[in-house]
Amino acid sequence: MLLQRIRERLPMISGFDNKSIDLRVKLGKHFCKTCYCWLRQAQSYEVSKMAVEGHALEFCLAKEADFEEVMSISGDIYGGLDYLPVRYHAWIRDPARRVILAKKKGQIVALVSANVVDDGHTAVMEGLRVAPRERGKGIAGFIQSYCLDLAMAQFPDVKVRRYTRAGQLAPETLAKFRLICKQEIICTQFKAEYILPKLEAAIAQLKESGAEWKDPILLGATDVKRVFLSPNVVDGVLPGKTIIQDWAPYKPLESNLEKLVRQGIIWMADDKEDPRVVSLGTAPYRVPLGTGYHRLNIDIFGKHFPRVRNQFLAQVQQRISTLEGPVYCILYFEPPMWQDMLSFCQTALGLHVDRELRMQNLLEADM
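This text gives an overview of the structure that appears in the document.

**Concerning the nonpolar core**
Here is step 1: Grouped together as the largest cluster of nonpolar side chains are 33 residues, with contacts concentrated most on Phe 312, Leu 313, Met 341 and Leu 349.
Here is step 2: Broken down by secondary-structure element, the contributors of at least two residues to this core are strand E9 (178-191), helix H6 (192-209), strand E16 (294-301), helix H10 (305-320), strand E17 (326-333) and helix H11 (338-347).
Here is step 3: Leaving out residues up to four positions away in the same chain, Met 341 has contacts with Ile 186, Phe 305, Val 308, Arg 309, Phe 312, Leu 331 and Phe 333.
Here is step 4: Counting residues in hydrophobic clusters, the runner-up holds 28 residues, among them Met 125, Tyr 146, Ala 151 and Leu 363.

In structure tokens, the structure reads:
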């Protein structure tokens, strides 16, 4: 990577103040000229310019004032389910995250972020997007490489990068990354006021029929740490020994849980002492899909379908009670339960399931 080659010439990056480095790096048959400015404060990391294959790209840290322009290149992201509009400003202020912009002739053409987690050892890449008119030109690769190099320069303990990707993975992707785990996905839309009585009726019927109903347990902050750090859950319940919260992967570490418990998540387990199924319900947030639309994400871990089903119902019930209008609900769970969960959603709740989004993959590679 470009910055790795630069760092080989520098004994200590932080020792430079307003210095610039000029060099030429050969990339296959192409050459690029890179100018990097280093400022004493990490948050004041200044503009880097790169001319690659005819692109005059400029990389810089995103700012609050860039919000509207970032949104202007994000209209078709995730089919209207984009999370960035509600997270952008928090990302900018997060000291453990770097949000990078690529500009061309002064206009924003791409964004990506690196979130440093796992006690500083992992960079999680999130939010990647390229302006529609600039796609297919290699810009996504350049901005990700730049962002990763910056993360390594400013967080020297980072050793691993992680991504989550949807759908079938190409062989070339699997050749570059380790596949840590997979979760199946069910997407469905409903109106909050429509689904609430159906949830109540489904729960009542399960209780009456004795179909392995057990009320899920809400976990407080202390319970969350005890349950999610227990060897039983880490080794036997969490996929790939990883907590995945709305596409963001975290290793089960106390530092990660301290961050997550401050985010308004609903945490559940089927049992505090010997849990077989646990779940996270992310606080609903507005998305650009349509007027008044909220996105609701429910991550469920465990292999026992009746208890997974129970926590799905309980999580939706907890969230829907405070919402009105249309909701796009995304449920993540173990792949072998796909058919059982699909059948339950369709028959017991009368939901239409969107099958376009399938399979959540967690990928990892060494830096």
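So that's the structure; there's more coming.
**Structural notes on the pairing of strand E5 (residues 97-104)**
Here is step 1: Counting buried positions over the 8 residues of E5 gives 8, a clear majority of the element.
Here is step 2: Residue alternation in E5 divides its side chains into two sets, Arg 97, Val 99, Leu 101 and Lys 103 and Arg 98, Ile 100, Ala 102 and Lys 104, and both sets are buried.
Here is step 3: As paired strands, E5 and strand E6 (residues 107-117) are joined by 8 bridges and run antiparallel to one another. Paired with Leu 101 across the two strands is Leu 111, which belongs to E6.
Here is step 4: Between E5 and the antiparallel strand that follows it, E6, lie 2 residues; Lys 105 among them carries a positive phi value of about 55°.

**Structural notes on the packing of H10 against H11**
Here is step 1: It is at 11 Å that the axes of H10 and H11 come closest, and there the two elements cross at 45°. As far as their axial angle goes, H11 and H10 are oblique. Helix-helix and strand crossings are classified by hand; for H10 and H11 the assignment is right-handed. Of the residues in H11, those touching H10 at Phe 305, Val 308, Arg 309, Phe 312 and Leu 313 are Asp 340, Met 341, Phe 344 and Cys 345.
Here is step 2: A per-class count over the contact of H10 with H11 returns 7 nonpolar, no polar and 2 charged.

**Brief notes about helix H3 (residues 84-93)**
Here is step 1: Turning to H3, its buried residues are Leu 84, Arg 87, Tyr 88, Trp 91 and Ile 92. Projection of H3 onto a plane perpendicular to its axis shows the buried side chains occupying an angular sector of 140°, all on one side.
Here is step 2: For H3, the elements touching its buried residues are helix H2 (67-72), E5, E6, strand E7 (122-130) and strand E15 (285-286).

**Some words on the pattern of salt bridges**
Here is step 1: This structure, assessed with the given rule, holds 23 salt bridges.
Here is step 2: Notably, a salt bridge pairs Lys 241 with Asp 235, separated by 3.4 Å at the nearest N-O pair.
Here is step 3: Judged by its relative accessible area of 52%, Asp 235 falls in the exposed class.
Here is step 4: Residue Lys 303 is joined to Glu 334 by a salt bridge in which the shortest nitrogen-to-oxygen separation is 3.8 Å. Of this pair, Lys 303 sits in the loop between E16 and H10 while Glu 334 sits in the loop between E17 and H11, and the two are 31 residues apart along the sequence.
Here is step 5: Residue Glu 334 is classed as buried on the basis of its relative accessible area of 11%.

**So, the packing of aromatic side chains**
Where two aromatic rings form a pair, the distance of their centres and the angle of their planes describe that pair.
Here is step 1: Applying the stated rule across the entire model yields 7 aromatic pairs.
Here is step 2: Relative to Tyr 146, the ring of Phe 59 has its centre 4.7 Å away and its plane inclined at 15°; by these criteria the two rings are stacked. Here the residue Phe 59 occupies a position in strand E4 (residues 55-61), and Tyr 146 occupies one in helix H4 (residues 139-154), the gap between them amounting to 87 residues. Both residues of the pair, Phe 59 and Tyr 146, belong to the buried class.
Here is step 3: Taking 5.6 Å as the distance between ring centres and 25° as the angle between the ring planes, the aromatic pair formed by Tyr 78 and Tyr 83 counts as stacked.
Here is step 4: Residue Tyr 83 is classed as buried on the basis of its relative accessible area, which comes to 8%.
Here is step 5: Connected via pairs of aromatic rings, a cluster forms that spans Tyr 78, Tyr 83 and Trp 91.
Here is step 6: Above the plane of the ring of Trp 91 lies Arg 97, whose end atom (NZ or CZ) is 3.9 Å from the centre.

Calculation criteria
Residues numbered from 1 in each chain as written. Predicted model: local features only at pLDDT ≥ 70, side-chain atom pairs only at ≥ 80, totals over all residues. Heavy atoms only, no water. Core = buried A, V, L, I, M, F, W, Y, C linked by side-chain atoms within 4.5 Å. Buried < 20%, exposed > 50% of the residue type's maximum accessible area, 1.4 Å probe, protein only. Helix = DSSP H or I, 4+ residues; strand = E, 2+ residues; numbered from the N terminus. Contact = heavy atoms within 4.5 Å. Pairing = 2+ DSSP bridges. Axes fitted to C-alpha atoms, helices over the stretch in contact; angles between N-to-C directions. Parallel < 35°, antiparallel > 145°, perpendicular 65-115°, else oblique. Left-handed = near helix turned anticlockwise from the far one by under 90°. Nonpolar A, V, L, I, M, F, W, Y, C, P; charged D, E, K, R; others polar. Arc of directions from axis to C-beta. Salt bridge = Lys/Arg side-chain N within 4 Å of Asp/Glu carboxyl O. Phe/Tyr/Trp six-rings, centres within 6.5 Å; stacked < 30°, edge-to-face > 60°. Lys NZ or Arg CZ within 6 Å of the ring centre and 35° of its normal.

Fair warning: the whole summary comes from geometry, so function is off the table for now.
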